[in-house]
Amino acid sequence: MNDIEIITGKFPTAKVTEALSGQEIVMIEASDLHDAAVCIRDELDYVLLLDITAIDNLAKSHKCESRYELRYVFRSSDFERIMIIGLNANIESGVDTLCDYYATADWLEREVWDQYGVTFVGHPNLKRVLNHMEFAGHPLRKDYTITDAQFCTRTQDLLDEMEPLLTSREYSADRDNLMLLNLGPSHPASHGTIRTLAALEGERIVAGVSEIGYLHRGFEKSCENHPYNQIIPYTDRLNYCSALINNVAFAKSVEEMLGITLPDRGIFIRVILMELSRIIDHLVCLAAGLLDMGGQTNYWYLFNPRNDAYDFLSRLTGARLTNSYMRIGGMSHDFYEGWESDLEDILKKVEAGTIQSLQMVEKNRIFQDRLQDISPVSAQQALSFGFTGPNLRASGVAYDMRSISPYYYYDTFEFDVVTGSVGDTYDRIMVRFEEIFQSIKIIRQAAGTIPTGDISIKDHSIFLPPKERVYNSIEGMMNQFKLVFEGLRVPAGEYYGALEAANGELGFYIVSDGGPIPYKVKVRAPSFVHMAAYPKIIEGYQVADAILTLGSLNIIAGEMDR
Amino acid sequence: MEVTVLPEVTWLGVVIKAVIILAIISAIAGFGTYLERKVLAFMQRRLGPMHVGPYGLLQILADGIKLFTKEDIVPQNANKLIFQVAPAITAATAFIALSAVPVFPDFTIPEFIPLLGGTFVPSMAADLNIGVLFILGMMAAGLYGPLLAGMAQANKWGILGSARTAIQFLSYEVVTGLSILAPIMLVGSLSLIEFNDYQAGGIGSWMMWQQPVALILFLIAGFAETNRTPFDLLEHEAEVVSGYATEYSGMRWGMFFIGEYANMITISVLAAVIFAGGYNDLGFLAGWFVIILKIAFFFFLMLWVRAAWPHVRPDQLMWLCWKVLMPIAVINVVITGFVMMA
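What counts as what
Residues numbered from 1 in each chain as written. Chains lettered and ligands numbered in written order. Predicted model: local features only at pLDDT ≥ 70, side-chain atom pairs only at ≥ 80, totals over all residues. Heavy atoms only, no water. Pairing = 2+ DSSP bridges. Helix = DSSP H or I, 4+ residues; strand = E, 2+ residues; numbered from the N terminus. Axes fitted to C-alpha atoms, helices over the stretch in contact; angles between N-to-C directions. Contact = heavy atoms within 4.5 Å. Buried area = accessible area lost by both parts, 1.4 Å probe. Salt bridge = Lys/Arg side-chain N within 4 Å of Asp/Glu carboxyl O. Nonpolar A, V, L, I, M, F, W, Y, C, P; charged D, E, K, R; others polar. Polar contact = N/O pair within 3.5 Å; in protein donor to acceptor, adjacent residues only side chain to side chain. Buried < 20%, exposed > 50% of the residue type's maximum accessible area, 1.4 Å probe, protein only. Domains from an automatic or database assignment. Phe/Tyr/Trp six-rings, centres within 6.5 Å; stacked < 30°, edge-to-face > 60°. Lys NZ or Arg CZ within 6 Å of the ring centre and 35° of its normal.

### A few points about the sheet that holds strand E9 (residues 195-201) of chain A
Residues and elements named next belong to chain A. Reading across from one edge, E8-E9-E10 is the order of the three strands in this open sheet, with antiparallel pairing throughout. Two strands bound the open sheet, and with one partner strand each, they are strand E8 (179-183) and strand E10 (204-211). Taken over all neighbouring pairs, the strand axes of this sheet differ in orientation by 25 degrees on average, direction set aside. Note that E9 and E10 share seven bridges and pair antiparallel. Among the inter-strand pairings, Leu 200 is bridged to a residue of E10, identified as Ile 205.

Pasting the structure below:
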């Protein structure tokens, strides 16, 4: 008996609806959510709450039971299976909160309320998270007009969150002479525009509250107004340190909805570029993190090879940072002549730079004392916070989608899943160091065994035909015309596609209504959930530690704020 | 004992010397920033300043012009008088400390120069018999610069920076004092010239062989007192933005900078004179050249460490000072005392 049958057995009103590509959605009654969550977490052992999102059915082509539906995506304790729970949300009475069961739910539910206006009963602090506090309306509702500009000027003091927090810690800002200090939004070490209000006793943080959304640009709303291929440039700007992984993650999700797979050469190219992007992402994280603790030389040792890697990407894709190289069903062009030697050259430089940087700090007492036992996150906590990727592996949980649910032939490559032991800042940094070497290993294997052949699919109702065919044949001309003017059509349905990005599980929850424009795209951004945990894990440590913790979590504001 | 009778030191000579120290040390401090950038660049596989002048040599000039012409901003809520005076304290104390440091050999201005001809210019502006004490005292007084600057500027980062200043400078003052107490006991004088003469017998007679622990303690404390990596906590930008200098701009900020570099030079001179044989001739090398080499080495050491190490946290700094360095310094003094009595 599989998990879905257990749920349907327990809740007779639950219905199973087919999603795309073999996924199933268990639709339950809103009143059953609490019991279902208990069952899913405790009996079925689904340890990760990956994402919560809503769907506004107002513009659907067919009639739906209620206007708003919620989707909860869970991942099991062996990390191989996901479970999607859906329910019809009544906007008046609201839906029960899951904050008591999964710490991740806190910000995820706030986001749903912010974007769709679905209330969560019992949520400790249901307020906007991505949009500005003065913002009126809920932008992801289908009846929100995107051209309505709103000017928001006030700054929130965050005391509505800080004061109860201090009271619960038996502190009082006045009585205990606490200094309330804004770390950010423009702070040299805030790595993007992130604000953390910290209550300081001396330099020790007794309570912290974070505010995000400074870089919110409505990615998800933009997706609802662009054909699939035109979304790819937007995905570049999610995690701009590893744009290609975001490209692939989106393209792969849509391809899975379409039920297509790339030719082998295309897959190998994607693997090579994704691993190279992962290396770049880790290099940025480590370089910036070490620079924050004064390790200037480490910064240059790590950033110089990163620059070489960008030169390679620039030669290949024409852009350094935002590559937009992927297309649905393939990529814009093949590798250039002589890419192997360029790539190997970069790998050697990355290897040398990383080894030298590591040599400088590995046995350095200052480095160890600064990082060890700082903001440790236990495996239990990390799962509850919804950590994935290197941050979760640092806590000792060997969850890497590349090895647990392999895609793109990752099972044929030999590499190690790197884990830490205590999940402190030191582990988070060292896991990334080692993952660079593992990625180099994967790239070498992939580059050595890359097959020849096509890089993109041949179905020209999805992928643009070559130019000779466009100019010389009527079919090619029509394919080009249809794709450019309309875009590719994805069968109606829902799908959660994910892969192992540099920061963790990067998921796209895509809803299609059968048209050329996605009905809804929701990004499951690892940085968003990591940031939600940040103010909690820095408590009790010093300002200097908090800076390093932020660096080690590798918060990328682009994917966090979307 | 041979007694050399020096010409009388006049007020004119002292003034000339003071001007020379100001001019030379300011220039060296400026050049020090260039050196620091070049040395760091070399160690970090990049080029450093390259565009202004050959190999970026005129970068100092460009920086100077920038500092002098930048708008001098005084924040609205700052305590204006203290805010404006604070950088001067740092720069002034740094240079006053240098007045008791022998910078160049003494000389007499030739007779043919009008007005100044025949004036004797001493090797140091103030030949004090308590030279070491005076220099350390002056450098310690320099703590008021960052402290007042941070507290006057109505900025929380400034407050954090000045709090760090107070604990760091006060704590390491103790270590600096205790670490050179042992050499002072051996020499039996506080005059830098006596220190120099004590080590006149070649490399073997250098103080660092007798007092290696004191040298290491002195260097560590010196790094802390000059706010160098791994103890550059006062204005580390990733943590406290710019600490006490957050609200400063233009030349006022530049004065903190010059003061810091002047202090680096002072510490290097002290290390060279007290521990590394001073300006005695070394084989065929003349004394003035030898001391420049030594000062340059200690200066370079500060840059080298900056390139090699990350920095510590404030509480680790305090732990290091009070639980490690100070006990060692005290034990060193006690052992030195026993050895001298024995």
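### A few points about the interface of chain A and chain B
Taken together, the 35 residues of chain A in the interface contact 28 residues of chain B. For the pairing of chain A and chain B, the buried interface totals around 2,700 Å² over both sides, and the portion due to carbon and sulfur atoms is 54%. Counting the contacts that link chain A with chain B gives two salt bridges. Of the charged contacts, one joins Arg164(B) and Glu203(A) as a salt bridge, the two residues approaching to 2.5 Å between their closest N and O atoms. Contributing elements (two or more residues each) for the side of chain A that touches chain B: E8, helix H8 (264-292), helix H9 (296-317), helix H10 (339-362), helix H11 (365-371) and helix H19 (543-553) of chain A. Residue composition of the side of chain A that touches chain B, by class: 18 nonpolar, eleven polar and six charged.

### Focus: the side chain of Arg393(A)
Residues and elements named next belong to chain A. Among the structural elements, Arg 393 can be located in helix H13 (residues 389-394). A distance of 2.6 Å separates polar atoms of two side chains, one belonging to Arg 393 and the other to Glu 435. In this structure, Arg 393 is in contact with Tyr 399, Asp 400, Arg 402, Val 417, Val 418, Thr 419, Gly 420, Glu 435 and Glu 500, ignoring residues within four places of it in sequence.

### Looking at helix H5 (residues 144-152) of chain B
Residue pairs spaced three or four apart in an α-helix point in one direction, given the helix's 3.6 residues per turn. Residue and element names in this part refer to chain B. The set of residues buried in H5 consists of Gly 145, Pro 146, Leu 147, Ala 149, Gly 150 and Ala 152. The inward-facing, buried residues of H5 abut helix H3 (80-98), helix H6 (156-187) and helix H11 (250-275). Ala 154 sits one or two residues past H5 and shows a positive phi near 55 degrees.

### Side note on the environment of Ser324(A)
All names here are of chain A. When you line up the elements, Ser 324 lands in the loop between H9 and strand E11 (326-327). Residues Ser 324 and Tyr 234, spaced 90 residues apart in sequence, show a C-alpha to C-alpha distance of 8.5 Å. Here Ser 324 is in contact with Ile 232, Pro 233, Asp 236 and Asn 247, once residues within four sequence places are set aside. At a separation of 2.3 Å, a polar atom in the side chain of Ser 324 contacts the side chain of Asp 236.

### What about the side chain of Asp236(A)?
All names here are of chain A. Residue position: Asp 236 is located in helix H6 (residues 228-236). Polar side-chain contacts of Asp 236 include one of 2.7 Å to the side chain of Asn 247. Non-local contacts of Asp 236, meaning those with residues more than four positions away in its chain, are made with Ala 243, Asn 247, Thr 322, Asn 323 and Ser 324.

### Quick word on the domain arrangement of chain A
Residues and elements named next belong to chain A. The assigned domain composition of chain A is domain 1 (3-121) and domain 2 (219-561). If you average the C-alpha positions of domain 1 and of domain 2, the two centres end up 27 Å apart. Listed per partner, the contact involves 37 residues of domain 1 and 35 residues of domain 2. Looking at the side of domain 1 facing domain 2, the largest losses of area belong to Leu 20, Phe 79 and Trp 107, adding up to 24% of the total buried there. Here domain 1 and domain 2 share four salt bridges between them. Where Glu 505 meets Arg 75, a salt bridge forms, and the shortest distance between an N and an O atom there is 2.8 Å. Summed over the shared surface of domain 1 and domain 2, the result is 16 residue pairs in polar contact (both at pLDDT 80 or more). Mapped by element, the contributors of at least two residues to the side of domain 1 that touches domain 2 are strand E3 (48-56), strand E4 (68-75), strand E5 (82-89) and helix H3 (105-116).

### Some words on the pairing of E9(A)
All names here are of chain A. Within E9, six of the seven residues are buried, leaving the element largely enclosed by the surrounding structure. Here E8 pairs with E9 via five bridges, running antiparallel. Residue pairing for E9: Leu 180 is matched across the bridge by Ala 199. Linking E9 back to E10 in an antiparallel pair, the connection comprises two residues, with Gly 202 at a positive phi of about 70 degrees.

### Side note on unusual backbone geometry
Residues and elements named next belong to chain A. Notably, Tyr 408 is not glycine yet its phi reads approximately 50 degrees, a positive angle. Assignment of secondary structure puts Tyr 408 in the loop between helix H14 (401-404) and helix H15 (425-449). The phi angle at Asn 554 is positive, at roughly 55 degrees, despite the residue not being glycine. Of note, Asn 554 is situated in the loop between H19 and helix H20 (557-561).

### Considerations on the packing of aromatic side chains
Residue and element names in this part refer to chain A. Considering all chains together, one arrives at 31 aromatic pairs over all chains under this definition. Between the aromatic rings of Tyr 410 and Phe 413, the centroid separation amounts to 6.1 Å while the plane-to-plane angle is 80 degrees, which identifies the pairing as edge-to-face. Each member of the pair, Tyr 410 as well as Phe 413, is classed as buried. Members of the aromatic cluster, connected to one another through ring pairs, are Phe 268, Tyr 407, Tyr 408, Tyr 409, Tyr 410, Phe 413 and Phe 415. If you follow Lys 252 out to its NZ or CZ, it ends over the ring of Tyr 408, 6.0 Å from the centre. The positively charged end of Arg 306 is found above the aromatic ring belonging to Phe 303, 4.4 Å away from the centroid.

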